[in-house]
Amino acid sequence: MSKTTLKNKIVLITGATSGIGKETARGLAKLDATIVCTTRDKLKGEKTRSELIASTNNEKIDMLYCDLASFESIKNCCKEFKSKYNKLHVLINNAGVWDFKRRESKDGIENIFATNYLGPFLMTNLLLDTLKNSSPARIINATSGLHYGTINFDDIEFKHNYSGVRAYRQSKLGLILFTRLLAKKLKETGATVNCYHPGLNITNLGRDAGRFSRLIFKSMGKDPKIGAETSIYLASSPDVENITGEYFVKKKIKKPSKESCDLNLANQLWAVSKKYLKNDI
Ligand SMILES: NC(=O)c1ccc[n+]([C@@H]2O[C@H](COP(=O)([O-])OP(=O)(O)OC[C@H]3O[C@@H](n4cnc5c(N)ncnc54)[C@H](OP(=O)(O)O)[C@@H]3O)[C@@H](O)[C@H]2O)c1
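Draft legend 1. Focus on the environment of Arg169. Mapped onto the elements, Arg169 comes out in helix α5 (residues 164-185). The spatial distance from the C-alpha of Arg169 to the C-alpha of Ile202 is 19 Å, given a sequence separation of 33 residues. Looking at Arg169, its side chain comes within polar contact range of the main-chain oxygen of Tyr148, at 3.1 Å.

Draft legend 2. Structural detail: the pairing of strand β4 (residues 90-93). Of the two faces of β4, the one lined by Val90 and Ile92 and the one lined by Leu91 and Asn93 are each fully buried. Of the strand pairs in this sheet, strand β1 (residues 10-13) and β4 are connected by 3 bridges, and their pairing is parallel. In the sheet register, Leu12 faces β4, and the bridge partner there is Leu91. Across 4 bridges, the pairing between β4 and strand β5 (residues 137-142) is parallel. Across the sheet, the residue bridging to Ile92 is Ile140, located in β5. In this fold, the crossover linking β4 to β5 by way of helix α4 (residues 111-133) has right-handed handedness.

Draft legend 3. Representation of unusual backbone geometry within the structure. The amide bond that connects Ser135 to the next residue, Pro136, takes the cis arrangement and shows omega of 5 degrees. Among the structural elements, Pro136 can be located in the loop between α4 and β5. Phi is positive for Asn8, close to 70 degrees, though the residue is something other than glycine. Relative to the assigned elements, Asn8 resides in the segment before β1. With a phi angle near 65 degrees, Lys251 is a residue other than glycine that sits in the positive phi range. Examined against the element boundaries, Lys251 turns out to sit in the loop between β7 (247-249) and β8 (252-254).

Draft legend 4. Local environment of helix α1 (residues 19-30). Here α1 contains 12 residues, and its C-alpha end-to-end distance of 17 Å stays within 8% of the 16 Å for a straight helix at 1.5 Å per residue. In terms of burial, α1 is largely enclosed, as 11 of its 12 residues are buried. Taken residue by residue, α1 has Gly19, Ile20, Gly21, Lys22, Glu23, Thr24, Ala25, Arg26, Gly27, Leu28 and Ala29 as its buried positions. A positive phi of about 80 degrees marks Asp32, the residue just after α1.

Draft legend 5. Main features of α5. The end-to-end C-alpha distance of α5 is 31 Å, a good match for the 32 Å that 22 residues give at a rise of 1.5 Å each. Across the 22 residues of α5, 16 count as buried, placing the element largely inside the fold.

Draft legend 6. Spatial organisation of the sheet that holds β8. The 8 strands are arranged β3-β2-β1-β4-β5-β6-β7-β8 in an open sheet whose pairing can be described as mixed. A single partner strand is all that each edge strand has here, and the edge strands are β3 (61-65) and β8. Geometrically, the sheet is characterised by an average inter-axis angle of 25 degrees between neighbouring strands, direction not taken into account. Packed onto the sheet, α1 meets β1, β2 (34-39), β3, β4 and β6 (191-197) and runs at close to 170 degrees relative to β1.

Draft legend 7. Looking closely at the packing of aromatic side chains. Counted by the stated rule, this structure contains 9 aromatic pairs. Here the aromatic rings of Phe113 and Tyr276 are separated by 5.4 Å at their centres, their planes lie at 70 degrees, and the arrangement is edge-to-face. Of this pair, Phe113 sits in helix α4 while Tyr276 is found in helix α8 (residues 263-277), placing the two residues 163 residues apart along the sequence. Judged by relative accessible area, which is 2%, Phe113 ranks as buried. Against the face of Tyr65 rests Lys42, its NZ or CZ located 5.2 Å from the ring centre. Over the face of the ring belonging to Trp270 we find Lys185, whose NZ or CZ atom lies 4.3 Å from the ring centre.

About the criteria used
Residues numbered from 1 in each chain as written. Predicted model: local features only at pLDDT ≥ 70, side-chain atom pairs only at ≥ 80, totals over all residues. Heavy atoms only, no water. Helix = DSSP H or I, 4+ residues; strand = E, 2+ residues; numbered from the N terminus. Polar contact = N/O pair within 3.5 Å; in protein donor to acceptor, adjacent residues only side chain to side chain. Buried < 20%, exposed > 50% of the residue type's maximum accessible area, 1.4 Å probe, protein only. Pairing = 2+ DSSP bridges. Right-handed = clockwise from strand over helix to strand, strands pointing away. Expected span 1.5 Å × (residues − 1). Axes fitted to C-alpha atoms, helices over the stretch in contact; angles between N-to-C directions. Contact = heavy atoms within 4.5 Å. Phe/Tyr/Trp six-rings, centres within 6.5 Å; stacked < 30°, edge-to-face > 60°. Lys NZ or Arg CZ within 6 Å of the ring centre and 35° of its normal.

Read these as layout, nothing more, since geometry by itself doesn't imply function.
Shown next, in the form of C-alpha cells:
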C-alpha cells in the first residue's frame, strides 16, 4: 500500500506550540506537508518551529503570530498568510483555552467564547476563499466530548453566574454547530469541514481550570500524540476525502449531542456570531 504523502499541500494549524496542536503539526510534517503554525508568543513559536524541524527533517515549517483572542490579530494573521501563500489545503482550528476565572478577550468578550469559538469562526470565514480555490480542501475543528447543554443566548458571555465548565462546553457545542452548518454552505465547493474530540490528553489545557481538573487530566489523560491521531487522520486520510459535517472520535464518526445536530440552533448562533464580527465577514 502506498504511504500517504502531503507533498505540495499547505496546512495551517492554530495553537501549535503545545499539546495536540504540536503533535498534529509534527505528524503532518512527517507526511511532507508545508506546515504553517500560529503562535501567540513569538519566542515560544520560534522554539517550537526549530524543535519540529529537528524532529521531522521537514524544513517547510513556518510560524505566524496570531492571538485568537483578538479579532485584529486574526485579521492580520490571515492577511499575512495570504501574502505568503496562495493555497490552503487544510485548516486546523486547534487552539483552545479553559479558564475557571472569567476573563475577557482584547475585544472585551468573554475569553473562552472569543478564543474557542468566535476566533475559529472568523479565521475560517476569512480563509474560505483560499480554501475553495485550493479544492479539495479540508477544515478540521477541535471540539470536545464536553459539548453537552445548549447555547445560553440570554447571556452568551456568562456575565452572570460564570462557570468555566459551562463556558467551555458552550464553546465546543458552538464549534460542532458551526461545523454542521458550514458543511451545508460548502456543498459542491470541494471543501469539507469536520470536527473531532481528541479524548482526554495531558497537555497545558486546564492549567487555569482549578486543582481538581488538573488532577483529572494528570491521572486519566493520555499522551497528546494519541489525541493527534484523529486530527492527522482527518487532515490526510483518503478515507475521509468526501466526508463532511461529521463529528469524529478515535477516527470514527460518532453521533454528538442532540443539540449539536439542531440546525435552527446553528443558524441562530451563526447570526449572533456575525453580529459580534460586525463588518469583518
Ligand atoms: N487535552 C484534552 O484532554 C482535550 C480534550 C478535548 C478537547 N481538547 C481541545 O484540543 C485543543 C488543543 O488543546 P490541548 O489540549 O493541546 O491544549 P494546550 O496544550 O493548552 O494547547 C492549546 C494551544 O492553543 C494555544 N492558545 C491558547 N489560547 C490562545 C490564544 N488566545 N491565541 C492563540 N493561541 C492560543 C496555546 O498557546 P500557548 O502555548 O501560548 O498557551 C496552545 O498552543 C483545544 O481546542 C482543546 O479545547 C483538548
